[in-house]
Amino acid sequence: MSRPIATTRSMAGIPTARLAVWWIIASEIAIFGGVLGSYLMHRLAHGIWADYAANTNEWLGLTNTFILLTSSLAAVLAHQAAERGDGKRAANLLYATCAGGLAFLCVKAYEWNYEISHGMTITSNTFWSFYYTAAGIHALHVIAGCILMLFVAQTAKRNEELHRVEIIGVYWHFVDVVWIFLFPLLYIAK
Amino acid sequence: MAESIPVGHGADHADHGDHGHHEMSFTEKYVFPLDHKMIAMQYMFTGMFMAIIGGFFAYVFRMQLAFPGIEVPGFGVVTPAAYNSLVTNHGTIMIFWVAMPVLIAAFGNYLIPLMIGADDMVFPKINRLSYQVFLVSAFVILGAFFVEGGAFGGAWTAYPPLSTKAEYNLSGLGSTMWITAVFLEFVAFLLGGINFITTAMNSRAPGMKMWDIPMVVWMIVIASILFMLSVGPLLAGGIMMIFDQNLGTAFFDPDRGGDPILWQHLFWFFGHPEVYVVLLPAVGIVADVITTFSRKKLFGYKTVLYTAIGTGVLSFTVWAHHQFIAGIDPRMANVFTVTTLLISVPIAEMLFVYIATLYGGSITLTTPMLWALAFIFEFLIGGVTGIFLGASGNDIFMHDTYFVLAHFHYTFYPIAIIGTFAGFTYWFPKMFGKMMNEGLGKLHFWLTILTFNGIFLPLFVLGAAGQHRRIYDFQNYPELAQPWMQDIRQFATICLCVMLGAQLIFFYNVIKSWMSGPASGKNPWRANTLEWTAASPPPHGNWPEGLPNVYRGPYEYSHPDREEDYWPQNEPA
Ligand code: HEM
Ligand SMILES: [Cu+2]
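The model shown is predicted, which means the values in this text are computed figures rather than measured ones.

**Side note on the overall build of chain A**
- Helix and strand counts for chain A come out as seven helices and zero strands.
- Sequence-ordered secondary structure for chain A, helices as α and strands as β, is α-α-α-α-α-α-α.
- Along the first, second and third principal axes, the C-alpha set of chain A runs to 55 × 30 × 25 Å.
- In chain A, buried positions account for 53% of the 190 residues.
- In chain A, the proportion of contacts linking residues at least 24 apart, taken out of those at least 6 apart, comes to 78%.
- When the accessible area of chain A is evaluated, it comes to approximately 8500 Å², of which 68% is carbon and sulfur surface.
- Computing the positive centroid from 12 side-chain charges and the negative centroid from 11, chain A places the two 9 Å apart.

**Re the overall build of chain B**
- When you go through chain B residue by residue, the secondary structure sums to 15 helices and two strands.
- At 24 Å, chain B has a C-alpha radius of gyration in line with the 25 Å of a compact globule built from 573 residues.
- Evaluated residue by residue, chain B yields a buried proportion of 62% over its 573 residues.
- The long-range share in chain B, meaning contacts at least 24 apart out of those at least 6 apart in sequence, stands at 80%.
- With the model as given, the accessible surface of chain B reaches about 20600 Å², and the carbon-plus-sulfur share is 70%.
- Across chain B, 25 positive and 37 negative side-chain charges occur, with their mean positions spaced 5 Å apart.

**As for a nonpolar patch on the surface**
- A cluster of nonpolar side chains, contributed by L140(A), I143(A), I147(A), L148(A) and F151(A), occupies part of the molecular surface with about 500 Å² of accessible area.
- Looking at the secondary structure, you find F151(A) in helix α6 (residues 126–157).

**Some remarks on the nonpolar core**
Residue and element names in this part refer to chain B.
- Counting residues in each nonpolar core, the largest one holds 253 residues, and the members touching the most others are W97, F107, Y354, F375, F424 and W427.
- Looking at this core, the element that brings in the most residues is helix α3 (residues 80–116), giving 23 residues.
- Excluding anything up to four places from it in sequence, Y354 contacts V283, G284, V286, A287, I290, L298, V304 and I376.

**Focus: the site of ligand 1**
Residues and elements named next belong to chain B.
- In the vicinity of ligand 1 there are 23 residues, among which W156, D395, H399, H407 and R469 approach most closely.
- Here an oxygen atom of ligand 1 sits 2.5 Å away from a polar atom, N or O, in the side chain of D395.
- Mapped by element, the contributors of at least two residues to the shell around ligand 1 are α8 (260–294), α10 (330–358), α11 (367–390) and α13 (402–432).

**Examining the coordination of the iron atom of ligand 1**
- On the protein, H407(B) (NE2) is the one donor atom to the iron atom of ligand 1, at 2.2 Å.
- By secondary structure assignment, the location of H407(B) is in helix α13.

**Quick notes on the interface of chain A and chain B**
- Across the contact, 37 residues belong to chain A and 51 residues belong to chain B.
- Taken together, the two surfaces of chain A and chain B that pack against each other cover about 3600 Å², and 69% of this comes from carbon and sulfur.
- Contact with chain B buries area across many residues of chain A, yet R9(A), M11(A) and W23(A) alone supply 22% of it, more than any other trio.
- At the surface where chain A touches chain B, the tally comes to zero salt bridges.
- Breaking the side of chain A that touches chain B down by element, the ones donating at least two residues are α1 (5–8), α2 (16–45) and α6 of chain A.
- Broken down by element, the side of chain A that touches chain B gets its largest block of residues, 14 residues, from α2(A).

**Some remarks on the environment of P254(B)**
- Along the polypeptide, P254(B) turns up in the loop between α7 (215–246) and α8.
- C-alpha separation for the pair P254(B) and P161(B), spaced 93 residues apart in sequence, amounts to 9.1 Å.

**Describing helix α5 (residues 87–117) of chain A**
- Over its 31 residues, α5(A) runs 45 Å from end to end, which matches the ideal 45 Å to within 8%, given 1.5 Å per residue.
- Once α5(A) ends, the next one or two residues include G119(A), with phi positive near 85°.

**Observations regarding the coordination of the copper ion (ligand 2)**
Residue and element names in this part refer to chain B.
- Protein-derived coordination of the copper ion (ligand 2) comes from H272 (ND1), H321 (NE2) and H322 (NE2), at a distance range of 1.7 to 2.1 Å.
- Site description for the copper ion (ligand 2): donor spacing in sequence, H-x48-H-H.
- Separating the copper ion (ligand 2) and the iron atom of ligand 1 is a distance of 4.5 Å.
- Overall, H322 belongs to the partly exposed group, its relative accessible area being 23%.

**Things to note about α3(B)**
Residues and elements named next belong to chain B.
- The terminal C-alpha atoms of α3 lie 50 Å apart, and with 37 residues this matches the ideal 54 Å at 1.5 Å per residue to within 8%.
- Along α3, the sharpest change in direction is near 45° and occurs at P101.
- Within α3, 33 of the 37 residues are buried, leaving the element largely enclosed by the surrounding structure.

**A short note on the confidence of the model for chain B**
- Of all residues in chain B, 96% attain a pLDDT of 70 or more, and the chain-wide mean is 93.
- Counted against residues more than four places away or in other chains, residues 1–21 of chain B, with its pLDDT under 50, gives 36 contacts.

**Things to note about the packing of α7(B) against α8(B)**
Residues and elements named next belong to chain B.
- Interaxial distance between α7 and α8 falls to 8 Å at its minimum, and their mutual angle equals 165°. Considering the angle they form, α7 stands roughly antiparallel to α8. The two elements α7 and α8 meet at a crossing, and its hand is left-handed.
- Residue composition of the contact of α7 with α8, by class: 28 nonpolar, four polar and two charged.

**Looking at the packing of α5(A) against helix α7 (residues 163–188) of chain A**
Residues and elements named next belong to chain A.
- Contact geometry of α5 with α7 gives a least axis separation of 12 Å together with a crossing angle of 25°. Here α7 runs roughly parallel to α5, going by the angle between their axes. The hand of the α5/α7 crossing is left-handed. The residues of α7 that touch α5, namely those facing A90, L94, T97, G101, F104, K108 and E111, are V165, I168, W172, W179 and Y187.
- Its residues placed into classes, the contact of α5 with α7 shows eight nonpolar, two polar and two charged.

**Let's talk about the environment of G419(B)**
Residue and element names in this part refer to chain B.
- Tracing the sequence through the fold places G419 in helix α13.
- Taking the C-alpha atoms as reference points, G419 and I376, separated by 43 residues in sequence, lie 9.6 Å from one another.
- Residues in contact with G419, not counting those within four places in the same chain, are A282, I285, F375 and P414.

**Some details on unusual backbone geometry**
Residues and elements named next belong to chain B.
- With omega at 5°, the peptide bond leading from P160 into P161 counts as cis.
- Within the element layout of this structure, P161 appears in the loop between α4 (124–143) and α5 (166–169).
- Put simply, S536 and P537 share a cis peptide bond, and its omega is -10°.
- Relative to the helices and strands, P537 resides in the segment after α15 (483–516).
- Of note in the backbone geometry, A158 takes a positive phi value of approximately 50° without being a glycine.
- Its location among the elements puts A158 in the loop between α4 and α5.
- Judged by its relative accessible area of 0%, A158 is buried.
- Even without glycine at this site, S558 takes up a positive phi of about 50°.
- Mapped onto the elements of the fold, S558 is located in the segment after α15.

**Observations regarding the confidence of the model for chain A**
- With 99% of its residues at a pLDDT of at least 70, chain A reaches an overall mean of 94.
- Per-element mean pLDDT across chain A ranges from 88 in α1(A) up to 97 in α5(A).

Definitions and cut-offs
Residues numbered from 1 in each chain as written. Chains lettered and ligands numbered in written order. Predicted model: local features only at pLDDT ≥ 70, side-chain atom pairs only at ≥ 80, totals over all residues. Heavy atoms only, no water. Helix = DSSP H or I, 4+ residues; strand = E, 2+ residues; numbered from the N terminus. Buried < 20%, exposed > 50% of the residue type's maximum accessible area, 1.4 Å probe, protein only. Contact = heavy atoms within 4.5 Å. Areas by Shrake-Rupley, 256 points an atom, 1.4 Å probe, with all protein chains shown as cover. Lys, Arg positive; Asp, Glu negative; His and termini not counted. Charge placed at Lys NZ, Arg CZ, Asp CG, Glu CD. Rg over C-alpha atoms; globule rule 2.2 N^0.38 Å. Patch = residues over 30% accessible without salt bridge, like charges linked within 9 Å, V, L, I, M, F, W, Y side chains within 5 Å. Salt bridge = Lys/Arg side-chain N within 4 Å of Asp/Glu carboxyl O. Core = buried A, V, L, I, M, F, W, Y, C linked by side-chain atoms within 4.5 Å. Near = heavy atom within 4 Å. Polar contact = N/O pair within 3.5 Å; in protein donor to acceptor, adjacent residues only side chain to side chain. Donors = N, O, S within 2.8 Å, 3.2 Å for Na, K, Ca; no water. Buried area = accessible area lost by both parts, 1.4 Å probe. Expected span 1.5 Å × (residues − 1). Bend = angle between axes of the 7 residues up to and from the residue. pLDDT = per-residue confidence, 0-100. Axes fitted to C-alpha atoms, helices over the stretch in contact; angles between N-to-C directions. Parallel < 35°, antiparallel > 145°, perpendicular 65-115°, else oblique. Left-handed = near helix turned anticlockwise from the far one by under 90°. Nonpolar A, V, L, I, M, F, W, Y, C, P; charged D, E, K, R; others polar.

Printed below as a string of C-alpha cells:
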C-alpha cells in the first residue's frame, strides 16, 4: 500500500516524522515529570530518605551513565552516516547503540539483583518504591528504544527509509536525558 | 485575497498513482482499516455502543435512588456494591469511552483530513493501532463486570485508600482492571493525538494558512496537545496505583510513608485540563454549525482561537479547586479560587463570540443548528455554576453534593451529547450521503433537551439542600429522606427514562435515513469548508480527482461582492 499524500506534505517546514517524535517526547516528558515531581515532593518532605538513598551504588550508576552517553554518541554517528547515504554503516552504528542499551540493562539487572537480595525491595519503603518504579519505567523505554532501533537498522541496511535513523536517534537521546535526571536524583543526592 | 501556492505542491501528486485504486478485502476495509474515515466510524460506533451501556447504568442507579430497593426492570435488585460499581463505571465510561472517542477520535479522524484537504492522516498505521488499543481498553473495562468481586466501585476519581485496598472497595481484580483500562485508553489517545497534531501541522492543502483552518480542526488539535501535556502524570500515577493494589507498595498509603493526596494532585492535574480536552472539540463543532446556519462570518475567529489557547494554559493552574476540603493550605485555596475565576473569562469570551456571530445572521433552525444553540444555552448554565464552586468558601459547603453533580452534567452533557448530536447531524450527509429526517430530528432534539433539564435542574436544588453524592439510599438519612426530596428524585428519574427512550427516535432516524433518506449531494448545507467539495460519502483517498487547493478562510458567508451567500475555500478568486 502506498503512502498517503498527506504523509509527504510538509506545510510546517519540518519533516512529519521529526515533528511526531518531538510530540512523543513532549508527552513522555509529562510522564517522567509526574514520576519525578512526585518523588521530589516526597523527598523534600522526608529527610530520612537520604539514608535510604545512601544504599544505592553510585559507581554502578555512573558506569551506566557513561554507557548510555557512549551509545548516544553512536546514535549521532549513525545519523551522520545516514545523512551521507551510507546505510550499512548507519545500521552497524545502530547495532552498537543497541549493544549499549543492552549493557545498560545488564548493569541494571546486576544492581537490582544485589539490592533485592539485600532486602531493599520495592515494598521496603516509599523511597525504594520510587526507586524501582522510576528506574523501571526508564528501563522499559530503553528496551522499547532498542527494539525499534533494530527495526530501523533492518531497513537502513538496505539503504531504505534512512530518515528514520535520525528519528530513532532523537528518541534515544531523550531516553538518555531522562537517565541524566534519574541518576543524580536517585543515586547522588544523599 | 492573496493566495500562496507553497513549495512542495508539485511533489503532491507524485505518489498518487495507485493510491485508492487498489482492491481491498472485507477485513482490510472494515476490520483493520487504515482509511481515516473508516477508523472514525469505528470510534464513532464503539463510542455510541459504550454510551448505551453508560446510559443503562444511569437508568439502573437512578431507579434505585428514586425507588429504593425495588427490583429494577431489566436488572434486578441493586445491591450497595452494584450501585457503587454502576456509578463508578457510568462516569468513567461516559468520559473516557464516550466523550473522548466520539468528540476527539471520531470527529478528529473524520474531519481533520477532509477539512484540511488531505487524503488521509499522516500515519495511518498508528491510527489503526490507536483504535485497536482503544478497543482492548473497552473490553477490559467491561470485562471487569464478569470477574470475581465485580467491577470497581471506588468512584471515577478513584481516590485512595478506597481504590487501593480491596478490603475497602471489595473488588480486587476489578479495580486493577479499571485502572488498567483507563491506562490503555490514555495510550490509545496519545497515539491518536500524534496523528491529529502532525497531520494538521503538516498536511494542509496548498494555500491553507493558519487562519484558514476550520475552527473544529484547531480545537481538536489544541485539545490533543492539552491531553498530551496533562495525562503523563496520571499515567505515572496509574502505574503507582497498580503497584499499590498488587505489589504492596505504599505510594498512597499514609500509614507506611505514602500520601493519598498525591493521587488527588495527579488525578486533577490531568482531570481539569481533561474537561477542556472534551470541551474544545464541541466548541469547534458549534462554531462550524452556527456559521453555516446563520450565513455569517465567525465573529472573531482569532478571538476564539486565542481564548482556546488561553483556556488551555490556564487549565493547568486550577486543579486544586477539586481539593478545597482535602486538607490543602487555605492560602493555596485562595490561589486556586483566583485562577478558577480567571479561567471563566476566556470561556465567557468564547460564548460571547458565538452570540455575536448569531446576532443579525439569517438563521435557519435545522436540527444541527438547534443542537448548536442548545449547546450555547445549556453550557452557559454549567459554566456559571462552576464559578459558584470555584469560590472556596462556598465550595466547602457545596463540595460533593448534587450541586457539583448538576454542575458538571450541565457541562459534560452539552459537550458530549449535545455537541456530538450537533456534529453528527451536521456531517451525517457527508458521512452517509443521505439527508436525515428533519421532523424526527427535531422531535428527538426537543425530547432530549427538555428531559435533560428535567433531570438536572432539580438536582441543583437537592444539592443546595445538602444532598450528598455517592449515597446508595437516602432513606437512611432523615434530613435527606423528606418527601419533597424523594418527589424530586422520582421526577428526575422519570425524565431520565423518557430521555433514554427518546434516543430510540435517533437510532431509528439514523438507520432509516441511511437506508432510504434522500441523497444529499456534495454540499447540502451550502457550506464553505473543504469536506463539502468531496463526494458524499468521500471515497478512499477523499478526492481521487486530485486534492483541493485553498484560497480563503472557512467562514466567508454572505460576502457583499458575491451573488451566492457562500464562498467555498477551494474556489479560485
Ligand atoms: C469545560 C466544562 C467543564 C466541565 C466538563 C467540568 C467538569 C467538572 C467535573 C466532572 C467536576 C466534578 C468532579 C468530581 O468531583 O467528580 C467539576 C467540578 C468542579 N468544577 Fe467544573 N467543569 C467545567 C467547567 C468549569 C468551570 C468553567 C468552572 C469554574 C469557572 C468549574 C469549576 C468547578 C469546580 C470549582 C469544581 C469542584 C467542585 C467540588 O468538587 O466541590 N468547572 N467540574
Ligand atoms: Cu476542575
